[in-house]
Amino acid sequence: MTASLLKDSIGGVLLDIEGTTTPISFVYDVLFPYARARVKDFLAAQIKDEGVRRDIIALYEENASDLQKGLNPPLLRDHTSEPQAESIAAYVHWLMDRDRKSTPLKSLQGKIWEAGYGAGELRSQVFDDVPRALRRWREQGKEIRIYSSGSVLAQKLLFAHTEAGDLTPFISGYFDTHIGAKRDLQSYRRIAKEFNREPSEIVFISDVDAELDAAREAGLETLLCARAGNPAQSNRLAHAVIHSFDELFT
């Protein structure tokens, strides 16, 4: 299968972000350090916010689970004060060090980035071919959605504040870990239902072969996005490869 064969059969395009639409370096060298440096102060200032409190409750539950598993995470304190913010920040750093795809962690990061975008301190990056591809695909009647382990809020912020302008008008929907893990085939079946399409009418594009394997098993078409700087994938021969969105639906 080559990308050109998808032209007439695919109505839905499901996109990963990191390494697919956006350089991995932006995520790891800009976004993650920004959240890491500000999480303690953000928590101290926003600890009574309802959304932040929900994240904190979920982090306590995850922390208790880590303790039961013998993973020796930083202990969380039980009082609403700056020491609590400090202990939660230490646990957040611990989770980030392990690149944990934690739903409350990703939710909290999204809120911190929202403040950063709002203050003009963050401007997101996408590959040069992404804006023109999104525009072209929408003109062709394709339905474009995003699936990332980052929160829906973080996804919307990223595409709304790119160096190429606001790209959200081209995107019909967003999925995060609330729909399921990216390496779980059931996640892609749920996503297909949200698209209101047969799985075979959707192509998932990602830089991670394990995610593509799950999507393929669920019945989706798959493409491995092999951008410069992306880690090599051990199973890349199992999926057709593209290096740029310019190769797709032209």
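Residues numbered from 1 in each chain as written. Predicted model: local features only at pLDDT ≥ 70, side-chain atom pairs only at ≥ 80, totals over all residues. Heavy atoms only, no water.

A volume near 580 Å³ is recorded for the largest pocket. At the level of elements, α1 (24–46), α4 (103–118) and α6 (152–160) are the ones that each hand at least two residues to the lining of the largest pocket. Looking at which element gives the most residues to the lining of the largest pocket, the answer is α1, with five residues. Taken together, the residues of the lining of the largest pocket break down into 12 nonpolar, eight polar and nine charged. (1 Å grid on protein atoms, 1.4 Å probe; cavity = no way out; pocket = protein on both sides within 12 Å on 5 of 7 lines; lining within 4 Å. Points joined across faces, edges and corners; volume = space filled by probe spheres on them. Helix = DSSP H or I, 4+ residues; strand = E, 2+ residues; numbered from the N terminus. Nonpolar A, V, L, I, M, F, W, Y, C, P; charged D, E, K, R; others polar.)

Turning our eyes to something else, we now look at the pairing of strand β1 (residues 12–15). Both faces of β1 are covered, namely the face carrying Gly12 and Leu14 and the face carrying Val13 and Leu15. Here four bridges tie β1 to strand β2 (residues 143–147), and the two strands are oriented parallel to one another. Bridging from a neighbouring strand, Leu15 pairs with Ile146 of β2. Relative to strand β4 (residues 202–206), β1 runs parallel, the two sharing four bridges. Looking across to β4, one finds that Leu15 is bridged to Ile205. (Buried < 20%, exposed > 50% of the residue type's maximum accessible area, 1.4 Å probe, protein only. Pairing = 2+ DSSP bridges.)

The next subject is the sheet that holds strand β6 (residues 240–242). Taken in spatial order, the six strands of this open sheet run β3-β2-β1-β4-β5-β6, and their pairing is parallel. The outermost strands of the open sheet, each flanked by one partner alone, are β3 (173–175) and β6. The average undirected angle you get between the axes of adjacent strands in this sheet is 25°. Docked against the sheet, α6 engages β2 and β3, running at close to 135° with respect to β3. (Axes fitted to C-alpha atoms, helices over the stretch in contact; angles between N-to-C directions. Contact = heavy atoms within 4.5 Å.)

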